[in-house]
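# Inside the fold
If you want the building blocks of each chain, they are given just below.
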Amino acid sequence: MSSRMRRMLLRVTPFVGIAILCGSLLVVQSGINANLANFAGSGIRSAFISFLTGTALLVPTSLKGHKSWKNGLISTFEMIRDDKKDILMFCGGPLGAFFVASGVLLSPLIGFALFFVAVVTGQLLMSVAYDFTGFYYTERQTVSIIQLTGVVLSVGGAITFQGDALANGDESGVLALIGVAAGAVIIIQSSFNKRLSGALGSPWKGALISFIIGTIALFVAVLVETVITNLSTEDILVGSRWWHYLGGPIGAFVIGAGFILVPTYIGFVLTFASVVLGELIGGLILDEIDAFGLGRRPATGLRGAGLAMVLVGVGLVTYSSVTRNPKTDTQGIDLEMKPQPENAQTKPKQGDTREISGGGASKGGVDNSKVRGERASGDGDHREENKHIDTNT
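Here we summarise the structure given alongside this text. (Residues numbered from 1 in each chain as written. Predicted model: local features only at pLDDT ≥ 70, side-chain atom pairs only at ≥ 80, totals over all residues. Heavy atoms only, no water.)

On to the overall build of the protein, then. From N to C terminus, the protein includes 14 helices and two strands. Burial analysis of the protein (393 residues in total) assigns 55% to the buried set. (Helix = DSSP H or I, 4+ residues; strand = E, 2+ residues; numbered from the N terminus. Buried < 20%, exposed > 50% of the residue type's maximum accessible area, 1.4 Å probe, protein only.)

Moving on, we get to the packing of helix H1 (residues 3-40) against helix H12 (residues 268-288). Where H1 contacts H12, the axes come no closer than 7 Å and their chain directions differ by 45°. As judged from the angle between their axes, H1 and H12 are oblique. Two packed elements cross with a definite hand, and for H1 against H12 that hand is right-handed. Together, Val 12, Val 16, Ala 19, Ile 20, Gly 23, Ser 24, Leu 26, Val 27 and Val 28 of H1 and Leu 270, Thr 271, Ser 274, Val 275, Leu 277, Gly 278, Glu 279, Gly 282, Gly 283 and Leu 286 of H12 make up the contact between the two elements. Class assignment for the residues of the contact of H1 with H12 results in eleven nonpolar, seven polar and one charged. (Axes fitted to C-alpha atoms, helices over the stretch in contact; angles between N-to-C directions. Parallel < 35°, antiparallel > 145°, perpendicular 65-115°, else oblique. Left-handed = near helix turned anticlockwise from the far one by under 90°. Contact = heavy atoms within 4.5 Å. Nonpolar A, V, L, I, M, F, W, Y, C, P; charged D, E, K, R; others polar.)

Another aspect to go through is the packing of aromatic side chains. Aromatic ring pairs: the centre-centre distance and the angle between the two ring planes describe each pair. Enumeration over the complete set of coordinates arrives at twelve aromatic pairs. Ring centres of Tyr 136 and Phe 192 lie 5.0 Å apart, and the angle between their planes is 80°; on these two criteria the pair is classed as edge-to-face. With Tyr 136 in the loop between helix H5 (112-133) and helix H6 (145-161) and Phe 192 in helix H8 (residues 172-200), this pair connects stretches of sequence that are 56 residues apart. Taken together, the ring pairs connect Tyr 130, Phe 135, Tyr 136 and Phe 192 into an aromatic cluster. Looking at Lys 205, its charged tip hangs above the ring of Trp 69, at a distance of 5.5 Å from the centre. (Phe/Tyr/Trp six-rings, centres within 6.5 Å; stacked < 30°, edge-to-face > 60°. Lys NZ or Arg CZ within 6 Å of the ring centre and 35° of its normal.)

Now for the nonpolar core. Residues Phe 99 and Leu 280 are the most contacted members of the largest nonpolar core, which totals 70 residues. Here this core takes 13 residues from H1, the largest share from any one element. (Core = buried A, V, L, I, M, F, W, Y, C linked by side-chain atoms within 4.5 Å.)

The end-to-end C-alpha separation of H5 is 31 Å, in line with the 32 Å expected for 22 residues at 1.5 Å each. Counting buried positions along H5 gives 17 out of 22 residues, so the element sits mostly inside the fold. Gly 134, located one to two residues past H5, shows a positive phi value of around 65°. (Expected span 1.5 Å × (residues − 1).)

The next thing to look at is a nonpolar patch on the surface. Taken together, Ile 212, Ile 216, Phe 219, Val 220, Leu 223, Val 224, Val 227 and Ile 228 make up a surface patch of nonpolar side chains, about 730 Å² in accessible area. Leu 223 gets classed as partly exposed once you look at its relative accessible area, which sits at 43%. (Patch = residues over 30% accessible without salt bridge, like charges linked within 9 Å, V, L, I, M, F, W, Y side chains within 5 Å. Areas by Shrake-Rupley, 256 points an atom, 1.4 Å probe, with all protein chains shown as cover. Salt bridge = Lys/Arg side-chain N within 4 Å of Asp/Glu carboxyl O.)

Moving on, we get to the environment of Thr 13. Following the sequence through the fold, Thr 13 ends up in helix H1. Placed 253 residues apart in sequence, Thr 13 and Ile 266 show a C-alpha to C-alpha distance of 9.2 Å.

Attention shifts here to the packing of H5 against H6. At a closest axis distance of 10 Å, the pairing of H5 and H6 adopts a crossing angle of 155°. Between H5 and H6, the angle falls in the class roughly antiparallel. Considering the relative orientation of H5 and H6, their crossing is left-handed. Between H5, through Ala 113, Leu 114, Val 117, Thr 121, Leu 124, Leu 125, Val 128 and Asp 131, and H6, the contact on the second element is made entirely by Gln 147, Leu 148, Val 151, Ser 154, Val 155, Ala 158 and Phe 161. Across the contact of H5 with H6, the residue classes break down as eleven nonpolar, three polar and one charged.

For the rest of this paragraph, the subject is the environment of Ala 47. The residue Ala 47 is located in helix H2 (residues 43-58) in this model. The buried category is assigned to Ala 47, whose relative accessible area is 0%. Separated by 56 residues in the primary sequence, Ala 47 and Gly 103 have C-alpha atoms spaced 9.0 Å apart. With residues up to four places along the chain from it excluded, the contact list for Ala 47 reads Val 100, Ala 101 and Leu 218.

Among the structural elements, Ile 188 can be located in helix H8. Each C-alpha atom, one on Ile 188 and one on Tyr 136, is 8.9 Å from the other, the two residues being 52 residues apart in sequence. When near neighbours in sequence (up to four residues on either side) are disregarded, Ile 188 contacts Leu 95, Met 126 and Tyr 130.

Next comes the structure, spelled out in structure tokens:
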């Protein structure tokens, strides 16, 4: 091994470790929020509290960016005026709320590992759909045999992972389909959020707006749930402990560390693959040790084989992305480890887009995911280089 390669590995490894940690923390976040639901009265209320605390923590970071809030909002509404499709930029928050609520409601029923296996499968499926259709300012690209093989392996792995449950007539397989949908919406959400971040001039501003809208959506859901079910509000949160409120802070940390900081050093492809690894291994371990008292689901041969198939599938899709867009997908790896400044600006061509197939994280995480250059705004302003953020935490 050359000295150059050794230096790169030594400098990249810590950031890979942070990304793996972020993936594992997304699993922990689901467990914390599921426990909070016992004191909040419902999973929807728990997701609302998680989003609310995460929003509060993102406020200070939103002060960063080369555009002021006023100029960013003006650019955003000018884009919507020029193309009504850009109203979708504000839909990222509700989609993130759906993901968090899905984790709160499904993790106790089907386990952490199966939920995140389903999420990763949904991410890969939607990534290939984005490649094929060119949805929402994404450049259409040929779906390679390697990509399709990776997706088929991941779907097969998800089915194999729950083989024991299917053999016993367990309904977890049906519920896992909701997890697949949750993973798919992460990819859709990330494209909306990244477009919004480009318009506002900062990924932190885009994350905050997304969280605010998601919090409002969950608040409305809480009101509807309370009215329809006559859910009691007495003794709400009584008996809860301090760690029950860490879901939001964890989500904010994953956004900052896993989807804004780390990709500037090691690139988005490696970040995504590392986050996925953390999610799957974290889910398997937490199921095995019965973390958070949600029921032990021991590791079996089928679960191990299914997990391996999903990881191989992710690897193939990642490899396909790297070989297709080597400059974009490896631009974050720098032997000097100097991150690109947040206010770095580019002048993208109209309709020019690049992506990472495989989706993000994605609180969480994770980004997973897609990297797309955004077209310039109607007033011709240069935009900062867009960064993929999965604000689903």
